[in-house]
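What follows is each chain in one-letter form.
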Amino acid sequence: MTYVPKGSAADGPYAVELDPKRSGLVYSALRVVDIEPGATHSFATGESEWIVLPLTGGCTVHAEGEIIELLGRRSVFSGVSDFAYVPRDAQIQIASGAGGRFALAGAKCERRLPARYGSAPEVSVEHRGSGTCAREVRNFASADAFDCDRLIAVEVITPGGNWSSYPPHKHDEHRPGVEAELEEIYYFEIEPGEEGQEGFGYQRVFPSRPGGTDVLAEVRTGDAVLVPDGWHGPSIAQPGHSMYYLNVMAGPGEEREWRICFHPDHTEGYR
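The rules behind the values
Here the residue numbering is sequential within each chain, running from 1 through the sequence in written order. Per-residue local features of the predicted model are confined to residues with pLDDT of at least 70, and side-chain atom pairs are confined, for both listing and counting, to 80 or more; whole-chain, interface and lining totals are unaffected and use all residues. As a rule here, side-chain values come from all non-hydrogen atoms in the structure, and water together with hydrogens is ignored. Helix and strand definitions here come from DSSP, where helices need a minimum of 4 consecutive H or I residues and strands a minimum of 2 consecutive E residues; each element is numbered from the N-terminal end. Summary of the burial criterion: residues with accessible area below 20% of their type's maximum are buried, those above 50% are exposed, and those between are partly exposed, where the area comes from a 1.4 Å probe applied to protein chains only. In what follows, a contact means two residues having at least one pair of non-hydrogen atoms within 4.5 Å. Any pair of nitrogen or oxygen atoms within 3.5 Å is treated as a polar contact; in protein, a donor-acceptor pairing is required on top of that, and neighbouring residues in sequence qualify only through side-chain atoms on both sides. Strand pairing is assigned whenever DSSP identifies at least 2 bridges connecting the two strands. By nonpolar core we mean a set of buried residues, namely Ala, Val, Leu, Ile, Met, Phe, Trp, Tyr and Cys, connected to one another through side-chain atoms within 4.5 Å. Disulfides are defined as pairs of cysteine sulfur atoms found within 2.5 Å of each other. In what follows, salt bridge is the name for a side-chain nitrogen of Lys or Arg lying within 4 Å of a carboxyl oxygen of Asp or Glu.

Moving on to unusual backbone geometry. P167 follows Y166 through a cis peptide bond whose omega is 0 degrees. As for its placement among the helices and strands, P167 is situated in the loop between β14 (163-164) and β15 (169-170). Of note in the backbone geometry, E64 takes a positive phi value of approximately 55 degrees without being a glycine. Classification of E64 by relative accessible area gives partly exposed; the value is 41%. Even without being glycine, D89 reaches a positive phi, approximately 55 degrees.

The next thing to look at is the environment of G199. Tracing the backbone shows G199 in the loop between β16 (183-190) and β17 (201-206). Separated by 39 residues in sequence, G199 and Q238 have C-alpha atoms that sit 6.7 Å apart. Apart from residues no more than four positions distant in its own chain, G199 is found in contact with I190, R220, Q238 and H241.

Looking at where D172 falls in the secondary structure, it is placed in the loop between β15 and β16. Looking at D172, its side chain comes within polar contact range of the side chain of K170, at 3.0 Å. Beyond its immediate stretch of four places on either side in the chain, D172 contacts E179, A180, E181, S208, R209, D229 and G230.

So, on to the sheet that holds strand β13 (residues 152-158). Here seven strands make up an open sheet; going across it, the order is β1-β19-β16-β21-β13-β12-β11 and the pairing antiparallel. A single partner strand is all that each edge strand has here, and the edge strands are β1 (3-4) and β11 (124-128). As paired elements, β1 and strand β19 (residues 224-227) share two bridges and run antiparallel to each other. Bridged to Y3 within β19 is V225.

Attention now moves to the nonpolar core. Counting residues in hydrophobic clusters, the biggest one holds 33 residues, and the most contacted among them are L30, I51, L53, F140 and L246. If one sorts the elements of this core by residue count, strand β21 (residues 243-250) sits on top with four residues. In this structure, F140 is in contact with I51, L53, F83, V123, F146, A153, V154, E155 and L246, ignoring residues within four places of it in sequence. Counting residues in hydrophobic clusters, the runner-up holds 20 residues, among them V52, V61, L70 and I92.

Our next topic: the pairing of β21. Working note: regular strand, side chains alternate between the two faces of the sheet. Counting buried residues in β21 gives eight out of eight residues, a clear majority hidden from the surface. Alternating residues of β21 divide into M243, Y245, N247 and M249 and Y244, L246, V248 and A250, and every residue in both groups is buried. Pairing of β13 with β21, which is carried by seven bridges, proceeds in the antiparallel orientation. Across the sheet, residue V154 finds its bridge partner in β21, namely N247.

Right, let's talk about the state of the cysteines for a bit. A full pass over the atoms with the stated rule returns zero disulfides. Not engaged in a disulfide, the cysteine C133 finds its nearest cysteine sulfur in C261; these two sulfurs lie 18 Å apart. Residue classification places C133 among the buried residues on the basis of a relative accessible area of 5%.

Here the focus is the environment of R128. Summarising the element assignment, R128 is placed in strand β11. Separated by 36 residues in the primary sequence, R128 and S164 have C-alpha atoms spaced 8.9 Å apart.

This part covers the pattern of salt bridges. Under the definition given, this model contains 22 salt bridges. Across the pair R73 and E155 runs a salt bridge whose closest N-O atoms are separated by 2.5 Å. Residue R73 is found in strand β6 (residues 66-73), and its partner E155 is found in strand β13; the two are separated by 82 residues along the sequence. Given the relative accessible area of 7%, R73 is considered buried. Assessed through its relative accessible area of 2%, E155 is described here as buried. Here K170 ties to E179 by a salt bridge, and the two come within 2.9 Å at their closest N and O atoms. Here the two residues K170 and E179 agree in accessibility, since each one is buried.

With respect to the helices, strands and loops of the structure, A98 is situated in the loop between β8 (91-96) and β9 (100-108). A sequence separation of 60 residues divides A98 from G38, and the C-alpha atoms of the two residues are 6.4 Å apart.

Here it is as C-alpha cells:
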C-alpha cells in the first residue's frame, strides 16, 4: 500500500489510521480524527511520540496532568496553527467544544519528553522556490524548530497550478552528513474552487533502487501517499485549487536530522 485513497485507511474513530501494523512503515505514523461538538477522543500513545495538530477547529489536550489549549484554525488554508506535543507511554484526551478535525502525527521513539505547547506565532514559515515552483513551508516540527525524539513534521501549501517537492529528492539511505534515512507520509487536502468544486493534485514517487517504490497518484482531500523509499516529487496542484499536505517523517538514525539528496537529472535551481 503506497497510495491510500480517502476511506481506505479508516478505522474506528479515525478517518485515517496509518501506523506500522497496517502501513508497512516502521517509524512514522499518522491518524486523522473528527471530533463532534462537545465530544472527546482518548488514545494511548504507546511506543510513539505524537503531535496533536488542528486541521479545522480548536481543542483542549489533556496529557500527563497538563491541560493544553489549542486555538486551532478555520482550515489548513487559513494559516498556521498552534499544536501540542504528547509523549510516549501516556493516556491522552482531546476535547473540542465546537468540534473539528485533528491530525495526530507520530513516530516510534526511545526518549520520553514532556508534554508541551507549540505556539502558532513561533512557527517558522518559509517561502521556498520561485515562479511555478513557489510554495509555502510551515516548519512547525522540523528538525531544527521543535524538540522531538524522532518525529519530524511540516506543512506545505502549493498554490494552484504550481509544483512543490521539486526537484525530486530522496532520504532513504544513511550517509553521514549527506543523507538521512527517513520514512515519510504525505496527507493531502485540496482547497475547493470558488463555487465549491472539488479539486485534485498529483503526487509522484519513483524508484531510487531496483524494485523500489513507484507510484503516480491523483490525490484529493483525505488521501495519503506513503514514501518508504524512493525519489519523491513533484507534488502538483490543479490550477485554481491550492494543495495542502502534511509531511510526517521518522527514521532509525541516532541523530534527528533532515538531510536529502536531489535527483541529479533535474535542475536544482528550482528548490
